[in-house]
Amino acid sequence: MKTIARAFPVKSKEDIKQFANEIDRDWSEAQKALFFEQFGINGSEHWFYQQIEGKDYVVSTVCVEDPERGFAFLQSSDDPFAAWFRQRVLEITGVSLAERARGPEVEALYAFQANPQG
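What comes next concerns the included structure. Here the residue index of a chain counts from 1 through its sequence in written order. Where local features are concerned, this predicted model is filtered to residues with pLDDT of at least 70; where side-chain atom pairs are given and counted, the filter is 80 or more; whole-chain, interface and lining totals use all residues. As a rule here, side-chain values come from all non-hydrogen atoms in the structure, and water together with hydrogens is ignored.

Description of the overall build of the chain
- Each helix is a run of DSSP H or I of at least 4 residues and each strand a run of E of at least 2, with the numbering of both proceeding from the N terminus. Looking only at helices and strands, the chain features 4 helices and 3 strands.
- Reading the chain from its N end, one meets helices and strands in the order β-α-α-β-β-α-α.
- Since a compact globule built from 118 residues should have a radius of gyration of about 13 Å, the 15 Å found for the chain is in line with a globular shape.
- Summarising its shape, the C-alpha atoms of the chain cover approximately 45 × 35 × 25 Å along the three principal directions. Just to be clear, the radius of gyration here is over C-alpha atoms, and the globule rule we use is 2.2 Å times residues to the power 0.38.

Quick word on the pattern of salt bridges
- Salt bridge criterion: a side-chain nitrogen from Lys or Arg within 4 Å of a carboxyl oxygen from Asp or Glu. In the structure shown here, the tally under the stated rule is 7 salt bridges.
- Arg69 serves as the salt-bridge partner of Asp66, at 3.8 Å between the closest nitrogen and oxygen.
- Residues participating in the shared-partner salt-bridge network are Glu22, Arg88 and Glu91.

A closer look at helix α1 (residues 13-26)
- Spanning 14 residues, α1 covers 20 Å between terminal C-alpha atoms, matching the ideal 20 Å at 1.5 Å per step.
- Those residues of α1 lying buried are Ile16, Phe19, Glu22 and Ile23. Mapping the buried residues of α1 onto a view down its axis gives an arc of 120 degrees, with all of them on the same face. Projecting away from the buried face of α1 at angles above 90 degrees are the exposed residues Glu14, Asp24 and Arg25.
- Buried residues along α1 sit against α2 (29-39), β2 (46-52), β3 (55-64) and α4 (80-93). The length a helix should cover is 1.5 Å for every residue beyond the first. When accessible area is computed with a 1.4 Å probe and restricted to protein chains, residues below 20% of their type maximum are described as buried, those above 50% as exposed, and intermediate ones as partly exposed. To obtain the arc, one takes the directions from the helix axis to the C-beta atoms. We call two residues in contact when some of their heavy atoms are within 4.5 Å.

What about the packing of aromatic side chains?
- Put simply, two rings from Phe, Tyr or Trp (the six-membered ring, in Trp's case) pair if the centres are within 6.5 Å, and we call them stacked under 30 degrees between planes, edge-to-face over 60, tilted for the rest. For the structure shown, the criterion picks out 13 aromatic pairs.
- Ring geometry for Trp27 versus Phe81: centroids 5.2 Å apart, planes at 75 degrees, classification edge-to-face. Placement of Trp27 in the loop between α1 and α2 and of Phe81 in helix α4 is noted, with a sequence separation of 54 residues between them.
- Taking the centre distance of 5.8 Å and the plane angle of 85 degrees together, the rings of Phe35 and Phe36 count as edge-to-face.
- Taken together, the aromatic side chains of Phe19, Trp27, Phe35, Phe36, Phe39, Trp47, Phe71, Phe81, Trp84 and Phe85 make up a single cluster linked through ring pairs.

Side note on the sheet that holds β3
- Between any two strands, pairing holds if DSSP finds at least two bridges. As summarised here, the arrangement of the 3 strands in space is β1-β3-β2, forming an open sheet in which the pairing is antiparallel. What marks the edges here is a single partner per strand, and that holds for β1 (2-9) and β2. Pairwise comparison of adjacent strand axes, ignoring direction, gives a mean angle of 20 degrees for this sheet.
- Relative to β3, β2 is paired through 7 bridges, and the arrangement is antiparallel. Bridge pairing in β3 places Tyr49 opposite Val58. Helix axes use the C-alpha atoms of the stretch in contact, all axes being lines fitted to C-alpha atoms, and the angles between their N-to-C directions lie in the range 0 to 180 degrees.

Quick look at the side chain of Gln38
- Within the secondary structure, Gln38 is located in helix α2.
- Apart from the residues lying within four places of it in its own chain, the contact partners of Gln38 are Asp66, Arg69, Gly70 and Phe73.

And the structure:
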């Protein structure tokens with residue numbers, strides 16, 4: 001499993017809350033299944049809101065088995081949920097997942113662990 005963390009600039013905290021509500025309200029588990037299967041997500045993705053220097057951000061963390069396959073699917077799939085998801089992310093963040101499926105660049109620096117030996 002690979003952990004992926006991304007930070008997206010957003011228009012507002014309320015936009016993210018609305019986006020999350022739309023996912024839960026408007027899309028069935030079956031409709032979202034293909035999206036999750038492409039990444040091999042075993043669990044859930046978590047979104048956190050943060051203000052940095054007066055600007056709104058959403059920080060996303062997820063553990064996935066196959067990020068490359070998932071991001072390729074997200075970038076170009078005509079699956080209704082994936083296409084809608086791309087469009088909503090563009091509207092809320094200004095980031096085109098069709099161009100940069102991973103979103104803003106991120107670099108992992110450190111894993112803080114209680115037991116670094118395993």
